[in-house]
Structures are given as structure tokens and as C-alpha cells.
Amino acid sequence: MGAHMRLDIDRIETAATTIHWVFRHTPQYVCESLSRALGCRIVLKVETMNPVRCFKGRGTEMVLARLQSQGDTKSVVCASAGNLGQALAYGGRLRSFDVTVTASVAANALKVEKMRLFGANVVLVEGEIEAALQAASDLAEETGAFLVEDSKNLDTCEGAATIGLELSEFPQALDAVLVSLGAGAMATGIGYVLKCRQPSVEIITVQPRNAPAMTLSFKAKRIVDAGAPNTIADGVAGRYVIPEVLDDLLAVADDALLVSEDSIKEGMRLLYLHSGLIVEPAAALGVAAILENPQRFARKTVATVLCGGNVEPKAFEAWIGKP
């Protein structure tokens, strides 16, 4: 996988014992009714059943555990559209850290409210997530707080990689794993572990066509600026690609797909209809990819990671329509 690979399987196996139990051993099972609807055997890996309703607690746990063991700081700051901030706030409260989250004024109000409930000091910033990232960076410099950067911070990738460890223990052989792609922590982490454990499994990332920066960069093997994202999947709506994460992704992903907004909504609707799960748009990308590529996945055993369920009820109802 190349000498520059940042991830390390031994550290990831240690991570699996460090992360708080509340985030680990999430459900993974074949959903038969959804499998019939999609024409393939679909394995759901459900990362929505924890206090922050998404997978990011695995990564923030690793960041905080490492800081705790070094003992030189008790305050952290991050920029977040919502999920990272909630996870950091929850873990910070568990481990007695001061947590500040910068967020865009346009961020999902439900997610901002949850960050505050978990004890974070939330600073709202004019502009998009990039403005929030700049504000977090400035705050870290001014206050000496540790800046947690999703995907760039290796601990977030290795924490997310523990999902791959659990998937590698699934009793049936997997043909492919569909992983939602945003900044890349989850895709590189899961991809790396499965390449170590089960190299024959195809690792396929999925991103909205309206937020394709990482996918276009993957295809071009260099950083591409795709312009401003315009997708309902706020959890993966980044514009800028982190060079070292792209290198990791190039080493572990076999393919990268883009899907439409309509397919994402249909994916959410089918997941709700067939599994009873309410997922946010970013979590439905894998199902959307199967809907757009039925022949490719026909009769295969395909796992997809339902990475989050932080969605406002009104928005969810509007997107899935009446069942």
C-alpha cells in the first residue's frame, strides 16, 4: 500500500479497545426486504445507534484518548457542520475536556443544539464551513487549544477504521463495501483495514454529484477544486481536499462513484421503508449507488455503512415523501 500510508493496523487494533464501548460493535446484518428491493444481498452497518447518532465518536475518542495520555492540554476546538462537534462534545464531557465548536450560521440547527446539550461552547460564524475552519484554527492559535481536524488528524481516520475491523468479522464473504465519502476519514480507515484483512473485497466510495471534490481528485490522482457544494448531504459537503488523505484514498479505494440528489432521497426512503431506520442523506449514499448501478451489484453481497442519523424530522419527511 505504499510507504507513505499514514494508517497502521496495529494502532487500529489498539484503538478498538480504547474507544468507549458506547460507539463500538454496532449492528451489522443482512436486511432481507431491502435486499429484495435492490436485487443484491445488502449488509447494513448501522452507526446511528449511539448518543451522537453517527460514527464520528470513534475518531474523537481516539483524539481525546491520545491527548489524555500526553496530558499537556485539556481544551480542544473543532469546526463542524454538526456530527464531529457532537462527537467531540460528548467525548470531551466523558474525559473532562473543554470543547469549543465553530459552526457556520447556516449549519443544521438540530445538530448545533445537540452540541450545546453535550456541553460544547458553540461559536457561530458567518459564511460556510471553510469560514468555520478558519475560525477554529484562529481560536486554537489564540488559546492553545488542540485543533481537531477531521480526516487530517490521523486519529479520526484510525478511529473510523475500527468499523472496518468489525466488518471484517462478518460471517458471510463480502464482495464490496460502499462507503460515504466526505473529507475521507471513514473511507480511508475502512478501506485500509479491509485491504489488510480481506484484500479481495472491493472498496467503493460514494459522493454526491453535487459535492464531488474528493471523487474528482481521486479520478485525476491530484487535487481538483470542484467549486461550492450544493447537496442535501451536509455530512459530506466539503469543498477542499486534504492532500495526505487523498494519498491514503488512492492506496485503498478501488472505485469512486457519484450519485444524484434524487437517488440519495430514494435511498433514504428505501432504508426507512425496509429497515425502519431514519438516516441522514450522507448515510444513504451507498444505497443510492446501488440504485444507479443495479447491474454492477446484482446478486452480490454488498455492505454499506449507515454513518449517521442526524436529520431534522421536517426535512426528512419532505425528502422521503409519504411512504
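Residues numbered from 1 in each chain as written. Predicted model: local features only at pLDDT ≥ 70, side-chain atom pairs only at ≥ 80, totals over all residues. Heavy atoms only, no water.

Please explain empty space enclosed by the protein as it appears in this structure.
Over the atoms, a rolling probe the size of a water molecule traces out where space has been left empty. Tallied over the full model, the rule gives 1 cavity of 30 Å³ or more. Here the largest cavity is characterised by a volume of approximately 40 Å³. Phe55, Lys56, Gly59, Thr60, Leu84, Asp150, Thr156, Ala160 and Ala185 are the residues that line the largest cavity. Counting residues per element, the ones that place at least two in the lining of the largest cavity are helix H3 (57–70) and helix H7 (154–167). (1 Å grid on protein atoms, 1.4 Å probe; cavity = no way out; pocket = protein on both sides within 12 Å on 5 of 7 lines; lining within 4 Å. Points joined across faces, edges and corners; volume = space filled by probe spheres on them. Helix = DSSP H or I, 4+ residues; strand = E, 2+ residues; numbered from the N terminus.)

Would you mind showing me how to read the sheet that holds strand S5 (residues 121–125) here?
Remark on secondary structure: sheet strands pair via backbone hydrogen bonds, oriented parallel or antiparallel. Reading across the sheet, the 4 strands line up as S5-S4-S3-S6 and stay open at both edges, with parallel pairing between neighbours. Looking along the sheet, the strands with just one partner apiece sit at the ends: S5 and strand S6 (146–147). For strand S4 (residues 98–104) and S5, the ladder comprises 5 bridges, and the chain directions are parallel. For Thr100, the partnering residue across the bridge sits in S5 and is Asn121. Most of the contacts of helix H5 (residues 109–117) go to S5, to which it runs at about 150 degrees, and overall it touches S4 and S5. (Pairing = 2+ DSSP bridges. Contact = heavy atoms within 4.5 Å. Axes fitted to C-alpha atoms, helices over the stretch in contact; angles between N-to-C directions.)

What am I meant to see in the packing of aromatic side chains here?
What characterises a pair of aromatic rings is the spacing of the ring centres plus the angle enclosed by the ring planes. Using the criterion set out here, one finds 3 aromatic pairs in the structure. Both rings, one in Tyr90 and one in Phe118, keep their centres 5.4 Å apart while their planes meet at 85 degrees; by these two values the pair is edge-to-face. With Tyr90 in helix H4 (residues 83–94) and Phe118 in the loop between H5 and S5, this residue pair connects regions lying 28 residues apart in the sequence. A residue is classified by how much of its surface remains accessible, and Tyr90, at 12% relative accessible area, is buried. (Phe/Tyr/Trp six-rings, centres within 6.5 Å; stacked < 30°, edge-to-face > 60°. Buried < 20%, exposed > 50% of the residue type's maximum accessible area, 1.4 Å probe, protein only.)

How should I be thinking about the UniProt feature "domain: Tryptophan synthase beta chain-like PALP" (unreviewed entry) in the chain in this particular structure?
Within the UniProt annotation, "domain: Tryptophan synthase beta chain-like PALP" (unreviewed entry) is assigned to residues 25–308. Overall, residues 25–308 shows 45% helix and 18% strand. The separation of its end C-alpha atoms is 15 Å. (UniProt positions renumbered as here; feature names shortened; annotations may be inferred.)

Would you explain the environment of Pro199 in this entry?
Counting through the fold element by element, Pro199 comes out in the loop between helix H8 (185–197) and strand S8 (202–208). On the accessibility criterion, Pro199 (56% relative accessible area) is exposed.

What should I look at first to understand the environment of Gly309 in this one?
Looking at the element boundaries, Gly309 is found in the loop between strand S10 (301–306) and helix H14 (313–320). Through-space distance from the C-alpha of Gly309 to that of Arg53 is 5.4 Å; in sequence the pair is 256 residues apart. Filtering out sequence-adjacent residues up to four positions away, Gly309 remains in contact with Thr48, Arg53, Ile278, Val279 and Glu280.

Could you clarify how one ought to interpret unusual backbone geometry in this entry?
Glycine aside, the phi torsion of most residues is negative, and most peptide linkages are trans. The backbone of His25 shows a phi angle near 50 degrees, a positive value even though the residue is not glycine. On the secondary structure map, His25 appears in the loop between helix H1 (9–18) and strand S1 (28–30). Residue classification places His25 among the exposed positions, given a relative accessible area of 61%.

Sorry if this is basic, but what is going on with H8 here?
Every α-helix winds through 3.6 residues per turn, so residues three or four apart in the chain are directed the same way. With 13 residues, H8 should cover 18 Å at 1.5 Å per step; its first-to-last C-alpha distance of 18 Å lies within 8% of that length. When you tally the buried positions in H8, you get 11 out of 13 residues, the bulk of the element. Burial in H8 covers these residues: Ala185, Met186, Ala187, Thr188, Gly189, Ile190, Gly191, Tyr192, Val193, Leu194 and Lys195. Looking at the buried positions of H8, the neighbouring elements they touch are H1, H7, strand S7 (176–180), S8, helix H10 (243–252) and S10. (Expected span 1.5 Å × (residues − 1).)

Hey, could you run me through the pairing of S4 in this one?
The side chains of a regular strand alternate, first on one face of the sheet and then on the other. With 6 of 7 residues buried, S4 lies mostly within the body of the structure. Regarding the hand of the β-α-β motif, the stretch spanning strand S3 (residues 75–79), H4 and S4 is right-handed. (Right-handed = clockwise from strand over helix to strand, strands pointing away.)

Mind showing me how you'd approach the side chain of Lys195 here?
Considering the arrangement of structural elements, one finds Lys195 in helix H8. Judged by relative accessible area, Lys195 falls into the buried class, the value being 17%. One polar contact links Lys195 to Asp254, side chain to side chain, over a distance of 2.8 Å. (Polar contact = N/O pair within 3.5 Å; in protein donor to acceptor, adjacent residues only side chain to side chain.)

What am I meant to see in the pattern of salt bridges here?
Note on pairing: side chains with opposite charge can pair once their charged atoms come close. Considering all chains together, one arrives at 18 salt bridges under this definition. Asp248 is the salt-bridge partner of Arg6, the closest N and O atoms lying 2.7 Å from each other. In this pair, Arg6 is assigned in the segment before H1 and Asp248 in helix H10, connecting sequence segments 242 residues apart. Grouping residues by exposure puts Arg6 and Asp248 together as buried. (Salt bridge = Lys/Arg side-chain N within 4 Å of Asp/Glu carboxyl O.)

Explain the nonpolar core to me, please; I cannot follow it from the model alone.
Taken as a class, soluble globular proteins show a tendency for nonpolar side chains to be buried jointly. Counting 65 residues, the largest nonpolar core has Leu34, Leu44, Val177, Met186 and Ile190 as the members making the most contacts within it. With 5 residues, the top contributor of residues to this core is helix H12 (residues 285–292). Apart from the residues lying within four places of it in its own chain, the contact partners of Ile190 are Ala160, Ala161, Ile163, Gly164, Leu167, Val177, Val179 and Val305. Ranked by size, the runner-up nonpolar core spans 28 residues in total, among them Leu64, Leu67, Leu84 and Ala87. (Core = buried A, V, L, I, M, F, W, Y, C linked by side-chain atoms within 4.5 Å.)

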